[in-house]
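Next come the chains, spelled out residue by residue.
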Amino acid sequence: EDKVVQSPLSLVVHEGDTVTLNCSYEVTNFRSLLWYKQEKKAPTFLFMLTSSGIEKKSGRLSSILDKKELFSILNITATQTGDSAVYLCAVGGYNTDKLIFGTGTRLQVFP
Amino acid sequence: AAGVIQSPRHLIKEKRETATLKCYPIPRHDTVYWYQQGPGQDPQFLISFYEKMQSDKGSIPDRFSAQQFSDYHSELNMSSLELGDSALYFCASSSAPDTQYFGPGTRLTVL
């Protein structure tokens, strides 16, 4: 059965800390891995990764995929209170529109 | 930039009633996806449409149906509502595989 597992489930840090969120997957016919940030409403798209070893970066956020070991990490440097959210990892496969989501990592950043 | 629009944002229904949720995709996006997110859970794929045709089907109950119209908006029709249908219903749209952009969601409460 296809599955996506995220760790840790919850993370509490102080502003300025750096965090690393993990996502491992077992998905048939893997096509891409996506990271979303979900605050109180809709998941907001962060990154889509399809190739191993190529880092995607947006400001203080960066992510990389390892297709051999079947995992991805999302790094957030110099965290701010506005980074507090649930970070969802999702995987898409060929021959399906479905994204399989992990249960998310809840990040809380305190001043 | 224009985002996915969903209406209504909140909906309260009683058991056995029907509900219709609407989704307006980002302009020029041809694919629409529906997800259901229960409390504390990750989004679960329900159904998708590409160019007005059903593209993929997930864990959508038989009591639910959906369609995509000629203007690419989509409607999710839910009948014989049950308490367990209470959830956030997200619509997402894309113009390419996997990069799904989510709308703000409709929070359905069944009493």
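Refer to the structure printed above.
So, here is what we can say about the structure in this document. All values reported here derive from a predicted model rather than from experimental measurement. (Residues numbered from 1 in each chain as written. Chains lettered and ligands numbered in written order. Predicted model: local features only at pLDDT ≥ 70, side-chain atom pairs only at ≥ 80, totals over all residues. Heavy atoms only, no water.)

1. Notes on the interface of chain A and chain B
And step 1. Between chain A and chain B, the contact holds 19 residues from the first and 19 residues from the second.
And step 2. Between chain A and chain B lies a buried interface of about 1,600 Å² when both sides are counted; carbon and sulfur atoms form 54% of it.
And step 3. Viewed at the interface, chain B and chain A are joined by 0 salt bridges.
And step 4. Across the chain A-chain B interface, the total number found is 8 residue pairs in polar contact (both at pLDDT 80 or more). (Contact = heavy atoms within 4.5 Å. Buried area = accessible area lost by both parts, 1.4 Å probe. Salt bridge = Lys/Arg side-chain N within 4 Å of Asp/Glu carboxyl O. Polar contact = N/O pair within 3.5 Å; in protein donor to acceptor, adjacent residues only side chain to side chain.)

2. Section: the state of the cysteines
Residue and element names in this part refer to chain A.
And step 1. Enumeration over the complete set of coordinates arrives at 2 disulfides over all chains.
And step 2. Here Cys23 pairs with Cys89 through a disulfide, and the sulfurs are 1.9 Å apart. Between Cys23 and Cys89, the S-S dihedral sits near -65°, and the bridge is therefore left-handed. One end of the pair, Cys23, is in strand β3 (residues 19-26); the other, Cys89, is in strand β9 (residues 85-93), with 66 residues separating them in the sequence. Like Cys23, the residue Cys89 is buried in the burial classification. (Disulfide = S-S within 2.5 Å. Helix = DSSP H or I, 4+ residues; strand = E, 2+ residues; numbered from the N terminus. Buried < 20%, exposed > 50% of the residue type's maximum accessible area, 1.4 Å probe, protein only.)

3. Focus: the nonpolar core
And step 1. Judged by nonpolar contacts, the single largest core of 23 residues is most densely connected at Val4(A), Tyr25(A), Leu33(A), Trp35(A), Tyr87(A), Val91(A) and Leu107(A).
And step 2. When contributions to this core are tallied by element, the ones reaching two or more residues are β3, β4 (30-38), β5 (43-49), β7 (61-66), β8 (71-76), β9 and β11 (105-110) of chain A.
And step 3. Ignoring anything within four residues of it in the chain, the contact list for Tyr87(A) reads Gln6(A), Leu21(A), Tyr36(A), Lys37(A), Leu46(A), Leu74(A), Ile76(A), Gly104(A), Thr105(A) and Leu107(A).
And step 4. Judged by nonpolar contacts, the second largest core, of 22 residues, contains Leu46(B), Ile60(B), Phe64(B) and Met78(B). (Core = buried A, V, L, I, M, F, W, Y, C linked by side-chain atoms within 4.5 Å.)

4. Points about the sheet that holds strand β1 (residues 5-7) of chain B
Residue and element names in this part refer to chain B.
And step 1. Spatially, β1-β3-β8-β7 is the arrangement adopted by the 4 strands of the open sheet, whose pairing is antiparallel. With one partner strand each, in any of the chains shown, β1 and β7 (64-68) form the two edges of the open sheet. Geometrically, the sheet is characterised by an average inter-axis angle of 15° between neighbouring strands, direction not taken into account.
And step 2. Pairing between strand β3 (residues 19-24) and strand β8 (residues 74-78): 5 bridges, direction antiparallel. In the strand pairing of β8, Leu21 is matched with Leu76. (Pairing = 2+ DSSP bridges. Axes fitted to C-alpha atoms, helices over the stretch in contact; angles between N-to-C directions.)

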